[in-house]
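Survey of secondary and tertiary structure
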Amino acid sequence: MKTALIIIFLVISVILAVIVMMQEGKGGLSGAISGGGADSYWSKNKGKSKESVLKKVTVVLGVLYFALALVLSSKFI
């Protein structure tokens, strides 16, 4: 059972790293340069965009990652 959990843990960690790398950066002057960011298509449809999906997947995988880390670090397995 512990071996299966370790394999799942490793798979989640690799997928989490890939998902985080796929996300766009939000820092810097990108909002100021694009101009009119509040009226853009992406700001109006933020809940349906690719970035929104990536953010939700990141949160779910992050929670699973930490839960598995806690389970694997416990002495009961």
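Preceding this section is the structure that the text describes.
As a convention, each chain's residues are numbered from 1 in the sequence order in which they are written. Local features in a predicted model are, by the rule used here, given only for residues with pLDDT of at least 70; side-chain atom pairs are given and counted only at 80 or more, and totals for whole chains, interfaces and linings are based on all residues. With hydrogens and water stripped out, all remaining heavy atoms of the structure feed into the side-chain values.

**A closer look at the nonpolar core**
Cut-off, in case you're wondering: We call a set of buried Ala, Val, Leu, Ile, Met, Phe, Trp, Tyr and Cys residues a nonpolar core when their side-chain atoms join them within 4.5 Å. Only protein chains enter the accessibility calculation, which uses a 1.4 Å probe; a residue whose area is less than 20% of its type maximum is buried, one above 50% is exposed, and one in between is partly exposed. Numbering of helices and strands runs from the N terminus; a helix is a DSSP stretch of H or I covering at least four residues, while a strand is a stretch of E covering at least two. Whether two residues touch is decided by their heavy atoms; if any such pair falls within 4.5 Å, the residues are in contact.
By size, the foremost hydrophobic cluster in this structure holds nine residues: Leu5, Phe9, Ile12, Leu16, Ile19, Leu54, Leu61, Leu68 and Leu72. Of all the secondary-structure elements, those providing two or more residues to this core are helix H1 (2-22) and helix H4 (50-73). In terms of residues, this core owes the most to one element, H1, which gives five residues. Leave out the neighbours within four places in its chain, and Leu54 touches Ile19, Met22 and Gln23.

**Quick notes on H4**
What counts is decided by this rule: Here a helix's expected span is defined as the number of its residues, less one, multiplied by 1.5 Å.
Taking 1.5 Å of rise per residue, the 24 residues of H4 would be expected to cover 34 Å, and the 34 Å separating its terminal C-alpha atoms lies within 8% of that figure. Among the residues of H4, those classed as buried are Ser52, Leu54, Thr58, Leu61, Gly62, Leu68 and Leu72. Tucked into the core, H4 has its buried residues touching H1.

**Let's talk about the packing of aromatic side chains**
What counts is decided by this rule: Aromatic pairing here means that ring centres of Phe, Tyr or Trp (its six-membered ring) are within 6.5 Å. Orientation follows from the plane angle: under 30 degrees is stacked, over 60 is edge-to-face, and everything else is tilted.
Following the criterion strictly, the structure yields two aromatic pairs and no others. Relative to Tyr65, the ring of Phe9 lies with its centre 4.7 Å away and its plane at 20°, an arrangement referred to as stacked. With Phe9 in helix H1 and Tyr65 in helix H4, the pair connects residues that are 56 residues apart, well separated along the chain. For Phe9, a relative accessible area of 18% translates into the label buried. For the pair Tyr65 and Phe66, a centre-to-centre distance of 5.5 Å together with 85° between the ring planes defines the contact as edge-to-face. Phe66 gets classed as exposed once you look at its relative accessible area, which sits at 56%. An aromatic cluster is defined as three or more aromatic residues linked by ring pairs; in this entry it consists of Phe9, Tyr65 and Phe66.

**Focus on the packing of H1 against H4**
The condition is simple: Between N-to-C directions, angles cover 0 to 180 degrees, with each direction set by a line fitted to C-alpha atoms, over the stretch in contact for helices. Roughly parallel covers angles under 35 degrees, roughly antiparallel covers those over 145, roughly perpendicular covers 65 to 115, and oblique covers all other angles. The crossing is said to be left-handed when, going from far helix to near helix, the turn is anticlockwise and less than a right angle, and right-handed when the turn is clockwise. Residues are grouped as follows: nonpolar covers Ala, Val, Leu, Ile, Met, Phe, Trp, Tyr, Cys and Pro; charged covers Asp, Glu, Lys and Arg; every other residue, Gly included, is treated as polar.
Axis separation between H1 and H4 bottoms out at 9 Å; the angle between their running directions is 150°. Between H1 and H4, the angle is such that the two are roughly antiparallel. Once H1 is placed against H4, the crossing between them reads as left-handed. Between H1 and H4, the contacting residues are Lys2, Leu5, Ile6, Ile8, Phe9, Ile12, Ser13, Ile15, Leu16, Ile19, Val20 and Met22 on the first element and Glu51, Leu54, Val57, Thr58, Leu61, Gly62, Leu64, Tyr65, Leu68, Ala69, Val71 and Leu72 on the second. When its residues are assigned to classes, the contact of H1 with H4 shows 19 nonpolar, three polar and two charged.

Without other data, these values stay purely geometric and don't point to any function.
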